[in-house]
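The lines below spell out each chain.
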Amino acid sequence: QVQLVESGGGLVQSGGSLRLSCAASGSIFRINVMGWYRQAPGKERELVARITSSDFTNYADSVKGRFTISRDSARNTVYLQMNNLKPEDTALYYCNMNMNTDRYLETRYTYWGQGTQVTVSS
């Protein structure tokens, strides 16, 4: 029973910045991977960035150098700092986490947030 809640989306002008947050709550033992995905109207969902428990990060080519993913393990929270935003960044951004929810079981589960809208105007 885990819930992910995103926040920080909004309307911003091209070149501006936003910081997205996603906090997980519930039965959590260990989070393995945290990530952000986005989906624009008429397009497929795509990976934006992810960070592992070892702080290894990956970014989509389209956001490299502009976005930074980070985490706060103590608060089960992942952030996405988005700088130099472009109109093509407009999308619904989803938080994603893969985790172990039980102290003893090896089974891993993936959870999704409800999404937060990011709109970038020209």
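Above: the structure in question.
Visitor: Please explain the pattern of salt bridges as it appears in this structure.
Guide: In a structure, side chains of opposite charge can pair up when their charged atoms sit close to one another. Summed over the entire model, instances satisfying the criterion amount to 6 salt bridges. In this structure, the salt-bridge partner of D89 is R38, at a minimum N-O distance of 3.0 Å. Here D89 is found in the loop between β8 (77-82) and β9 (91-100), whereas its partner R38 is found in strand β4 (residues 30-39), with 51 residues between them in sequence. Just as D89 is buried, R38 falls in that class too. For K64, the salt bridge identified is with D61, shortest N-O distance 3.1 Å. Take K64 and D61: they sit in the same class, and that class is exposed.

Visitor: I'm lost on the state of the cysteines in this one. Help?
Guide: Think of a disulfide as a covalent bridge from one cysteine sulfur atom to another cysteine sulfur atom. Per the stated rule, a full pass over the model turns up 1 disulfide. Disulfide pairing places C22 opposite C95 at an S-S distance of 2.1 Å. Residues C22 and C95 share a disulfide whose torsion about the S-S bond is about -85°; that sign makes it left-handed. Here C95 lies in strand β9 and C22 lies in strand β3 (residues 18-26), a separation of 73 residues in the sequence. Given the relative accessible area of 0%, C95 is considered buried.

Rules used throughout
- Residues numbered from 1 in each chain as written.
- Predicted model: local features only at pLDDT ≥ 70, side-chain atom pairs only at ≥ 80, totals over all residues.
- Heavy atoms only, no water.
- Salt bridge = Lys/Arg side-chain N within 4 Å of Asp/Glu carboxyl O.
- Helix = DSSP H or I, 4+ residues; strand = E, 2+ residues; numbered from the N terminus.
- Buried < 20%, exposed > 50% of the residue type's maximum accessible area, 1.4 Å probe, protein only.
- Disulfide = S-S within 2.5 Å.

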